[in-house]
Amino acid sequence: MKPDTVRGHLDALILSVLEHEPLHGYAVMEALRQRSGGALDLPTGTLYPALRRLERSGYVRSEWSTVAGRERRTYRLTAPGRRTLVAERSGWRDFAALIDAVLRPSPTPGVS
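Rules of the game
- Residues numbered from 1 in each chain as written.
- Predicted model: local features only at pLDDT ≥ 70, side-chain atom pairs only at ≥ 80, totals over all residues.
- Heavy atoms only, no water.
- Helix = DSSP H or I, 4+ residues; strand = E, 2+ residues; numbered from the N terminus.
- Rg over C-alpha atoms; globule rule 2.2 N^0.38 Å.
- Buried < 20%, exposed > 50% of the residue type's maximum accessible area, 1.4 Å probe, protein only.
- Areas by Shrake-Rupley, 256 points an atom, 1.4 Å probe, with all protein chains shown as cover.
- Lys, Arg positive; Asp, Glu negative; His and termini not counted.
- Charge placed at Lys NZ, Arg CZ, Asp CG, Glu CD.
- Axes fitted to C-alpha atoms, helices over the stretch in contact; angles between N-to-C directions.
- Parallel < 35°, antiparallel > 145°, perpendicular 65-115°, else oblique.
- Contact = heavy atoms within 4.5 Å.
- Expected span 1.5 Å × (residues − 1).
- Arc of directions from axis to C-beta.

Draft legend 1. Summary view of the overall build of the protein chain. From N to C terminus, the protein chain includes four helices and three strands. Ordered by position from N to C terminus, the α and β elements of the protein chain give α-β-α-α-β-β-α. A compact globule built from 112 residues should have a C-alpha radius of gyration of about 13 Å, whereas the protein chain, at 17 Å, is more than 25% larger. Buried positions account for 28% of the 112 residues belonging to the protein chain. By element, 55% of the accessible surface of the protein chain is carried by carbon and sulfur atoms, the whole surface being about 7500 Å². Taking the average location of the 17 positive side-chain charges in the protein chain and that of its 12 negative ones, the two points are 2 Å from each other.

Draft legend 2. Layout of the packing of helix H1 (residues 10-17) against helix H2 (residues 25-35). As a packed pair, H1 and H2 sit with axes 10 Å apart at the nearest point and diverge in direction by 100 degrees. Compared by their axis directions, H1 and H2 come out roughly perpendicular. Here Leu13, Ile14, Ser16 and Val17 of H1 come into contact with H2, specifically with Val28, Ala31, Leu32 and Arg35.

Draft legend 3. Inspection of H1 at higher detail. Taking burial as the measure, the eight residues of H1 include six buried ones, the bulk of the element. Each element contacted by the buried residues of H1 is listed here: strand E1 (23-24), H2, helix H3 (44-56), strand E2 (60-67), strand E3 (70-77) and helix H4 (79-103).

Draft legend 4. Spatial organisation of H3. For H3, with 13 residues, the first-to-last C-alpha span of 18 Å sits near the 18 Å given by 1.5 Å per residue. The complete set of buried residues in H3 reads Leu47, Ala50, Leu51 and Leu54. One side of H3 carries all its buried residues, which in axial view fall inside an arc of 100 degrees. Opposite the buried face of H3, by more than 90 degrees, sit the exposed residues Gly45 and Arg56. Downstream of H3 by a residue or two, Gly58 has a phi angle that is positive, lying close to 85 degrees.

Geometric descriptors of this kind do not, in isolation, establish any biological role.
Quick look at the structure:
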């Protein structure tokens, strides 16, 4: 899947994978890939700027930690990030229902 396909939804996707545990950047990419069945294979040039943007917005907090013997920046969801995730999920459900209503095949006029 192309990075453009997730434009406008990437922040919610990242917040979602950070919901239950802090992860370092590569683990965020792996979680997105795994949860999407391989469809989301984002380049680092897409993910890391999004993580920095989410941190500047106060939705995630980062700290350095040692993972498998290496120093890595680990990202954790904040309380404002959790509230944003709830709102994003609700907005997504509404949006998906709207798109489904439009794209769902309608009965052909005059055909029973």
